[in-house]
Amino acid sequence: MELPHCYQGKTHVPAPSGKYVVGCTDIITGPDSQNGCLFRMFYPTKLNDIYENSSRWAKYLPHDKYVEGYATVGGFKIHFVGKKMISWSFGNAYIPAVEDAEPSDEQLFPVIVFSHGLKACRTSYSSFCSDISSHGFIVAAIEHRDGSACVSYTLEKGPNSQESPAVKWIPYNPVPFETDEMPFRHEQLQIRTRECTQTLELLSKLNEGSEIEHILQPTMDLAKFKGVMDLSSPTIAGHSFGSTTVLRTLNADKRFKIGLAMDAWMWPLRDEPELAKSVEQPLLFINSEAFQTAANLETMKRFTVDAEDHTERRVVTLKGSVHYSQNDVPSLLPWYIRRFAYNSIIDPLLALQLNHRMTLLYLRKHLGHPAEEEEEFSELMGQHADVICEGIP
């Protein structure tokens, strides 16, 4: 099917491929961006057909401010033109996930916390998050409020408790002119790591049915998530700067038992050789061919050296893929824009499918959950073995 996909006039990211219809809800806690977190939670539901519930699909952009945010970080010389293009491409797009649907309680679902890359937001990887969720996972896609998102926000309560919280927007914060970038990124990583830990703590409280302090404007009954999560082996996953966050978080919070680093940006960690020695969890790197440099891979090697001695470390590269092959951008743009702006040799839909299947096989293996679709997934890998490169050259 030609990208972008469309159903009854609704442009949407690729529909999830698993047996569960996926739901989603946004969760934000306060009292401010320094002491709270914001994420979109994707989860299996009790519904039976995603298309029968298309009237309740989530909008891809949560607010018009995200049009401005993407236009600002997109490098458009004329901001007005950028807003028009972003609005045209993403403004009326949807995610095949049902807003505020009742979660399934037929089993305990393992948990993944996802960290986005620079200039992205909590919906930028909705294809990945919703597809993985449809195979029986709960995925919390964080929106980092460290200035690395295209835009974000916090809700701040005024002195009058009866007043609705005021929205305070957090714009993208570029590296200040003539500023050393390394300390700037390290400061962001500290915030990001804290937000990953806070998100896992919040998920634990939801699963326990505990009262959530400073929860702001929930749109559904969060008590329905009591007792539906398997938090014995949480996974931390991310893309680009989000993968940098993954590596820092695996070291800082040992409750995370598995790591997934998609097209990791290793530069911020180049001067931290000891970090690799302190990360002991299983770790899968899925790289694009176009993004990775010799220097980046050299830093990545630290995390794979002597891995056989204590755990499994795997590095896979998708030949012909580009940095954006793992997010939603290629799947929402028509071919004539993809060709010039995000051109990849590999078909963008195939790149997503391979990325998601490798992720599921790896997670199932380390969680000890046999995948019903394992034979099907392995067959897909075999059919496209020519574009899958194992290890670091």
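Conventions adopted
- Residues numbered from 1 in each chain as written.
- Predicted model: local features only at pLDDT ≥ 70, side-chain atom pairs only at ≥ 80, totals over all residues.
- Heavy atoms only, no water.
- Phe/Tyr/Trp six-rings, centres within 6.5 Å; stacked < 30°, edge-to-face > 60°.
- Helix = DSSP H or I, 4+ residues; strand = E, 2+ residues; numbered from the N terminus.
- Buried < 20%, exposed > 50% of the residue type's maximum accessible area, 1.4 Å probe, protein only.
- Lys NZ or Arg CZ within 6 Å of the ring centre and 35° of its normal.
- Polar contact = N/O pair within 3.5 Å; in protein donor to acceptor, adjacent residues only side chain to side chain.
- Salt bridge = Lys/Arg side-chain N within 4 Å of Asp/Glu carboxyl O.
- Axes fitted to C-alpha atoms, helices over the stretch in contact; angles between N-to-C directions.
- Parallel < 35°, antiparallel > 145°, perpendicular 65-115°, else oblique.
- Left-handed = near helix turned anticlockwise from the far one by under 90°.
- Contact = heavy atoms within 4.5 Å.
- Nonpolar A, V, L, I, M, F, W, Y, C, P; charged D, E, K, R; others polar.
- Pairing = 2+ DSSP bridges.
- Right-handed = clockwise from strand over helix to strand, strands pointing away.
- Patch = residues over 30% accessible without salt bridge, like charges linked within 9 Å, V, L, I, M, F, W, Y side chains within 5 Å.
- Areas by Shrake-Rupley, 256 points an atom, 1.4 Å probe, with all protein chains shown as cover.

1. Here's the deal with the packing of aromatic side chains
So, step 1. Scanning the model with the defined rule gives 14 aromatic pairs in all.
So, step 2. For the pair Phe-114 and Tyr-125, a centre-to-centre distance of 4.9 Å together with 50° between the ring planes defines the contact as tilted. Remark: Tyr-125 occurs in the loop between strand 7 (109–115) and helix 3 (126–134) and Phe-114 occurs in strand 7; sequence separation between them is 11 residues.
So, step 3. Looking at Tyr-125, the relative accessible area reads 3%, which means it is buried.
So, step 4. Through a chain of ring-to-ring contacts, three or more aromatic side chains come together here, namely Tyr-7, Tyr-51 and Trp-57.
So, step 5. The ring of Tyr-94 is capped by Lys-10, whose NZ or CZ atom sits 4.5 Å from the centre of that ring.
So, step 6. The lysine or arginine in question, Arg-185, covers the ring of Phe-241, its NZ or CZ lying 5.8 Å from the ring centre.

2. Some thoughts on the side chain of Gln-326
So, step 1. With respect to the helices and strands, Gln-326 occurs in the loop between strand 14 (313–318) and helix 8 (329–332).
So, step 2. On the basis of relative accessible area, Gln-326 is assigned to the buried category, the value being 4%.
So, step 3. Reaching out from Gln-326, the side chain makes a polar contact with the side chain of His-239 at a distance of 3.5 Å.

3. Quick word on the pattern of salt bridges
So, step 1. Tallying each qualifying case throughout the model produces 18 salt bridges.
So, step 2. Close ionic contact of Asp-146 with Arg-192 constitutes a salt bridge, the shortest N to O distance being 3.1 Å. Of the two residues, Asp-146 sits in the loop between strand 8 (138–142) and strand 9 (151–156) while Arg-192 sits in helix 4 (residues 181–208), which places them 46 residues apart along the sequence. A single burial state applies to Asp-146 and to Arg-192, both of which are buried.
So, step 3. The partner of Lys-277 in a salt bridge is Glu-274, with the nearest N and O atoms 3.5 Å apart. Residue Lys-277 and its partner Glu-274 are both found in helix 6 (residues 273–278); the two are separated by three residues, about one turn of the helix.

4. Thoughts on the packing of helix 3 against helix 10 (residues 348–367)
So, step 1. In the contact formed by helix 3 and helix 10, the axes pass within 10 Å of each other and the chain directions differ by 45°. It follows from the interaxial angle that helix 3 and helix 10 lie oblique. Like other packed secondary-structure pairs, helix 3 and helix 10 cross with a definite hand, here right-handed. In this structure, helix 3 uses Ser-127, Phe-128, Asp-131 and Ile-132 to contact helix 10, whose residues at the interface are Leu-352, Asn-355, His-356, Arg-357, Thr-359 and Leu-360.
So, step 2. Its residues assigned to classes, the contact of helix 3 with helix 10 shows four nonpolar, four polar and two charged.

5. Observations concerning the pairing of strand 11 (residues 229–239)
So, step 1. Across the 11 residues that make up strand 11, a large majority, eight, are buried.
So, step 2. Bridge analysis of strand 7 against strand 11 gives six bridges, and the strand direction is parallel. Bridge pairing in strand 11 places Val-113 opposite Ile-236.
So, step 3. The sheet contact formed by strand 11 and strand 12 (residues 258–262) spans five bridges and is parallel. If you follow Ala-237 over to strand 12, its bridge partner there is Leu-260.
So, step 4. At this point the chain moves from strand 11, through helix 5 (residues 241–252), to the parallel strand 12, and the crossover so formed is right-handed.

6. Brief notes about a nonpolar patch on the surface
So, step 1. On the surface, Phe-76, Phe-80, Val-81 and Met-85 cluster together into a nonpolar patch covering about 350 Å² of accessible area.
So, step 2. Note that Phe-76 resides in the loop between helix 1 (65–73) and helix 2 (79–90).

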